[in-house]
Amino acid sequence: MFARIVLSALGGIFVGVAVLVIVLIASVGFAWATGTRAFLPGIFEAWFTEENGLPAVDFEPNPWGMLVVVLLVSASTAVGALRKRGREGQQ
């Protein structure tokens, strides 16, 4: 049981990082495509600018907010593994 929880948490960390990267890429793409500010509260902020006459996208990450997202996804997968284990034991 302990191994299942640890493996679920580790898998959740990888899934959380993947979700975070996809969301960050999407928000940067949104900021670039619309020329406006993309803001994920407490996680990430991106905006369109021009530097030396060329388009650019600036961004400001919040590492603590990103860590919270990854840990929440990891915790939810560990809890899901516990709940699955409980249902298997009842049958």
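Each remark here, short or long, concerns the structure printed above.
About the criteria used
Residues numbered from 1 in each chain as written. Predicted model: local features only at pLDDT ≥ 70, side-chain atom pairs only at ≥ 80, totals over all residues. Heavy atoms only, no water. Helix = DSSP H or I, 4+ residues; strand = E, 2+ residues; numbered from the N terminus. Rg over C-alpha atoms; globule rule 2.2 N^0.38 Å. Buried < 20%, exposed > 50% of the residue type's maximum accessible area, 1.4 Å probe, protein only. Contact = heavy atoms within 4.5 Å. Areas by Shrake-Rupley, 256 points an atom, 1.4 Å probe, with all protein chains shown as cover. Salt bridge = Lys/Arg side-chain N within 4 Å of Asp/Glu carboxyl O. Expected span 1.5 Å × (residues − 1).

Caption draft 1: Local environment of the overall build of the protein chain. In terms of regular secondary structure, the protein chain is built from 2 helices and 3 strands. When the helices and strands of the protein chain are listed from N to C terminus, the series reads α-β-β-β-α. By the compact-globule yardstick of 12 Å for 91 residues, the protein chain is too spread out, its C-alpha radius of gyration being 18 Å. Expressed along its principal axes, the backbone C-alpha trace of the protein chain runs to roughly 65 × 20 × 15 Å. When burial is assessed residue by residue, the protein chain has 22% of its 91 residues classed as buried. If you take every contact in the protein chain between residues at least 6 apart in sequence, the share linking residues at least 24 apart comes to 34%. Of the roughly 6400 Å² that the protein chain leaves accessible, carbon and sulfur atoms contribute 70%.

Caption draft 2: Representation of the pattern of salt bridges within the structure. Evaluated as defined, the whole model comprises 1 salt bridge. For the salt bridge of R37 with E45, the shortest nitrogen-to-oxygen distance reads 2.2 Å.

Caption draft 3: Representation of helix α1 (residues 2–34). For α1, with 33 residues, the first-to-last C-alpha span of 47 Å sits near the 48 Å given by 1.5 Å per residue. For α1, the full list of buried residues reads S8, G12, G16, L20, L24, S27 and A31. Following α1 by one or two positions, G35 adopts a phi angle in the positive range, close to 75 degrees.

Any functional reading would require information beyond the geometric quantities listed.
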